[in-house]
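Spelled out, the chains give:
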Amino acid sequence: DALLHALNGVDAVVSVLGPYMSGHPADKPISKCYSVIMGHMRTLGIKRIIVLGTASQSDPNDQCDIPLWLAKQVVGLVAPRALADILAIADVVRSEGEDLDWTIVRCPFLTNGTTKQYQAGYKGDGKRSIFLERAGYAAFIVDELLDGKWAKKTPMLSISSKTHTD
């Protein structure tokens, strides 16, 4: 009820929910939460949701990317329940969000920085880095809310030489 009330009057949902790497519950609570959020969005007529994702999630446009593949293997060894929830998030958003304009924004390792640099594409395209500054992630979110060119897509972000401004 509190979530439904909080979403009242909202034009878009931007979520940065993510699992706790150590001791994450096995019942995939975050992917379950997205199911509830999207149900409330339908009730209120909200069509746009942008979701934080990780390099562990896949997209049909991806190609082989050894550093990101290795990172996924490490997460799977260190935090298998967190990885299961991360993968389930993408499944839930895609399968239950058919009528919504969703974007799963896959991020590599986030760093603390102030530059609003990012590039969006897919794994294995030769342009990805394993890092992205949080300011670049935020700049992408603002850009995506304004133009929506990645709706129903799962871009992989990384740092770039192009600076995006407000």
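This text goes with the structure placed above it.
Residues numbered from 1 in each chain as written. Predicted model: local features only at pLDDT ≥ 70, side-chain atom pairs only at ≥ 80, totals over all residues. Heavy atoms only, no water.

**Details of the pattern of salt bridges**
Formally: Salt bridges are identified by distance alone: a Lys or Arg side-chain nitrogen within 4 Å of an Asp or Glu carboxyl oxygen. Note on conventions: DSSP H or I runs of at least 4 residues are helices, E runs of at least 2 residues are strands, and numbering of each starts at the N terminus. Only protein chains enter the calculation, and the probe is 1.4 Å; a residue is then buried if its accessible area is under 20% of its type maximum, exposed if over 50%, and partly exposed in between.
For the structure on display, the rule yields five salt bridges. Put simply, R42 and D99 hold a salt bridge, and the shortest N to O gap is 2.9 Å. Here D99 lies in the loop between helix 4 (80–96) and strand 3 (101–107) and R42 lies in helix 2 (residues 29–44), a separation of 57 residues in the sequence. Overall, R42 belongs to the partly exposed group, its relative accessible area being 35%. A salt bridge links K123 to D62; the nearest nitrogen and oxygen atoms lie 3.8 Å apart.

**Remarks on the packing of helix 3 (residues 66–78) against helix 4**
Just so we agree on the cut-off: Fitted lines through C-alpha atoms serve as axes, helices being fitted only where they are in contact, and the angles separating the N-to-C directions of these axes extend from 0 to 180 degrees. Angle categories are assigned with fixed cut-offs, so that under 35 degrees is roughly parallel, over 145 is roughly antiparallel, 65 to 115 is roughly perpendicular, and the rest are oblique. Every residue pair with non-hydrogen atoms within 4.5 Å of one another is taken to be in contact.
Where helix 3 contacts helix 4, the axes come no closer than 5 Å and their chain directions differ by 125°. Relative to helix 4, the element helix 3 lies oblique. Touching K72, V75, G76, L77 and V78 of helix 3 are P80, L83 and L87, all from helix 4.

**Some thoughts on the packing of aromatic side chains**
Here the distance between the centres and the angle between the planes together describe a pair of aromatic rings. For the record, the criterion: When two rings of Phe, Tyr or Trp (its six-membered ring) have centres within 6.5 Å they constitute a pair, described as stacked for plane angles under 30 degrees, edge-to-face for angles over 60, and tilted for the intermediate range.
Counted according to the given criterion, the structure contains three aromatic pairs. Ring geometry for F109 against F131: centres 6.3 Å apart, planes inclined by 45°, an arrangement best described as tilted. On the criterion of sequence distance, the pair formed by F109 in strand 4 (residues 109–111) and F131 in strand 6 (residues 131–133) is long-range, its members being 22 residues apart. In this structure F131 comes out as partly exposed when scored by relative accessible area, which is 42%.

**Describing the nonpolar core**
For the record, the criterion: Only buried Ala, Val, Leu, Ile, Met, Phe, Trp, Tyr and Cys residues count toward a nonpolar core, and they belong to the same one when joined by side-chain atoms within 4.5 Å.
Grouped together as the largest cluster of nonpolar side chains are 17 residues, with contacts concentrated most on V13, Y34, M41, I49 and V93. Secondary structure elements with two or more residues in this core: helix 2, strand 2 (48–54), helix 4 and strand 3. At five residues, the largest contribution of residues to this core is made by helix 2. Not counting chain neighbours up to four residues away, the residues in contact with V13 comprise L7, I37, M41, I46, R48, I49 and I50. Grouped together as the second largest cluster of nonpolar side chains are 13 residues, I50, Y118, L132 and F140 included.

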